[in-house]
2 protein chains.
Amino acid sequence: MSALTEKEYFMLEAIKEAKKAIEVSEIPVGVVIVKDGEIIARAHNMREKTQNATHHAEILAINEACEKLNSWRLNDCDMYVTLEPCVMCAGALILARIRKLYYGAKDERFGGVESIFRILDSDKFNHKVEYEGGIFEEECRNLMISFFQNLRNKKKIDKSE
Amino acid sequence: MSALTEKEYFMLEAIKEAKKAIEVSEIPVGVVIVKDGEIIARAHNMREKTQNATHHAEILAINEACEKLNSWRLNDCDMYVTLEPCVMCAGALILARIRKLYYGAKDERFGGVESIFRILDSDKFNHKVEYEGGIFEEECRNLMISFFQNLRNKKKIDKSE
């Protein structure tokens, strides 16, 4: 087995976060934020548990990183996330001045990087976030697929009881 | 003087919030969220005070409204905000299922509704937020202009001291 690259290593950490989301019946999206080779924030989607529409993994991780650095400017910070960020989260990455975004699977329903909008491609903002998708893409997509399959199966069982 | 319309009344409440932001040296953006004719959440921009990149007035007001209703779905809720929402906030409005957005001045640098992106015009999301801009546009724009003029003057004084 070949050694992991740095981006693979950190994406596996984001996948660990996504798996924590599954344990609490949240859509499996996980994030880590890395600065100088160290994880400074990690989060998973919490929308259902906290009943808050903005509690996507990316926003929660940005909140944690801003708190840790005591700064709204996350200079030299990279984000690793299992799913292509939505429009809200893509906007938040620009506002927080994230250096580079690495993501796993595309999100064809809500994606704000390449699927529905291409927010990070705009030259009109005062900060540009670099990005690269497709890291452990299949693993990240399978997390989503199996989560929604289980949800559908559970609903069928609930209805038949 | 003619009576205020409902949307003017609530925009004046959003302007009051924006003025609170000025008092604490934050960029003057104010928001109220209204359900069944009552204000259920109000907020102003807090990015500098909390050193959090996501603490725009809209996000803080959505957080408060979700907490109050104990639901991430802000059905039948309208938002009034003094400035055209940015991309992050426009995305958050869709995710929170806000019914209608009313805003004051355009934001030609960051606006996500009509200036840089037209997020709310997309038919690809599973919720559509109606919107109407230009309510007390001049008052809202003047808040921004005088805030930044004062900031520049203050910097000049600081430099000359």
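Residues numbered from 1 in each chain as written. Chains lettered and ligands numbered in written order. Predicted model: local features only at pLDDT ≥ 70, side-chain atom pairs only at ≥ 80, totals over all residues. Heavy atoms only, no water.

**What to know about the sheet that holds strand β4 (residues 100–105) of chain A**
Residue and element names in this part refer to chain A.
Then step 1. Strand order in the open sheet formed by five strands is β2-β1-β3-β4-β5, with mixed pairing between adjacent strands. Each end of this open sheet is capped by a strand with a single partner; those strands are β2 (38–44) and β5 (130–132). On average, each strand axis in the sheet is tilted by 15° relative to the strand beside it, whichever way the strands run.
Then step 2. Two strands pair when backbone bridges link them, and strand β1 (residues 30–35) and β2 are joined in this way by six bridges, in the antiparallel orientation. The partner of isoleucine 33 across the bridge, within β2, is alanine 41.
Then step 3. Seen against the sheet, helix α5 (residues 137–160) touches β3 (77–83) and β4 and runs at an angle of roughly 60° to β4. (Pairing = 2+ DSSP bridges. Helix = DSSP H or I, 4+ residues; strand = E, 2+ residues; numbered from the N terminus. Axes fitted to C-alpha atoms, helices over the stretch in contact; angles between N-to-C directions. Contact = heavy atoms within 4.5 Å.)

**Remarks on the packing of aromatic side chains**
Then step 1. For the coordinates displayed, the defined rule picks out 13 aromatic pairs over all chains.
Then step 2. With centroids separated by 6.1 Å and ring planes inclined at 90°, the aromatic side chains of phenylalanine 117 of chain A and phenylalanine 117 of chain B adopt a geometry described as edge-to-face. On the criterion of chain membership, the pair formed by phenylalanine 117 of chain A in the loop between β4 and β5 and phenylalanine 117 of chain B in the loop between β4 (100–105) and β5 (130–132) is interchain, its members lying in two chains. Taken individually, phenylalanine 117 of chain A and phenylalanine 117 of chain B each receive the classification buried, so the pair is uniform in this respect.
Then step 3. Ring centres of phenylalanine 10 of chain B and tyrosine 80 of chain B lie 5.3 Å apart, and the angle between their planes is 45°; this geometry places the pair in the tilted category. (Phe/Tyr/Trp six-rings, centres within 6.5 Å; stacked < 30°, edge-to-face > 60°. Buried < 20%, exposed > 50% of the residue type's maximum accessible area, 1.4 Å probe, protein only.)

**What to know about the interface of chain B and chain A**
Interface extent is often summarised as the accessible area lost during association of the parts.
Then step 1. Between chain B and chain A, the residue contacts involve 31 residues of the former and 31 residues of the latter.
Then step 2. Taken together, both faces of the contact between chain B and chain A bury some 2800 Å²; the carbon and sulfur share is 69%.
Then step 3. In terms of surface lost to chain A, no three residues of chain B exceed Gln51, Trp72 and Leu95 of chain B, which account for 23% of the buried area on that side.
Then step 4. Between the two partners, chain B and chain A, sit zero salt bridges.
Then step 5. Connecting chain B to chain A are eight residue pairs in polar contact (both at pLDDT 80 or more). (Buried area = accessible area lost by both parts, 1.4 Å probe. Salt bridge = Lys/Arg side-chain N within 4 Å of Asp/Glu carboxyl O. Polar contact = N/O pair within 3.5 Å; in protein donor to acceptor, adjacent residues only side chain to side chain.)

**Things to note about helix α4 (residues 87–95) of chain B**
Then step 1. Summarising burial for α4 of chain B: nine of the nine residues are buried, a large majority.
Then step 2. Backbone geometry just after α4 of chain B places arginine 97 of chain B at a positive phi near 60°.

**Here's the deal with the layout of surface pockets**
Then step 1. Put simply, the largest pocket is a space of about 1100 Å³.
Then step 2. Ile27, Arg109, Phe110, Met144 and Phe148 of chain B are, among the 37 residues lining the largest pocket, the residues nearest its centre.
Then step 3. Top contributing element to the lining of the largest pocket by residue count: helix α5 (residues 137–160) of chain B, with eleven residues.
Then step 4. Broken down by class, the residue content of the lining of the largest pocket amounts to 16 nonpolar, five polar and 16 charged.
Then step 5. Space inside the second largest pocket adds up to approximately 860 Å³.
Then step 6. Forming the boundary of the second largest pocket are 31 residues, of which Ile27, Arg109, Phe110, Met144 and Phe148 of chain A lie nearest the centre.
Then step 7. The biggest single contributor to the lining of the second largest pocket is α5 of chain A, with five residues. (1 Å grid on protein atoms, 1.4 Å probe; cavity = no way out; pocket = protein on both sides within 12 Å on 5 of 7 lines; lining within 4 Å. Points joined across faces, edges and corners; volume = space filled by probe spheres on them. Nonpolar A, V, L, I, M, F, W, Y, C, P; charged D, E, K, R; others polar.)

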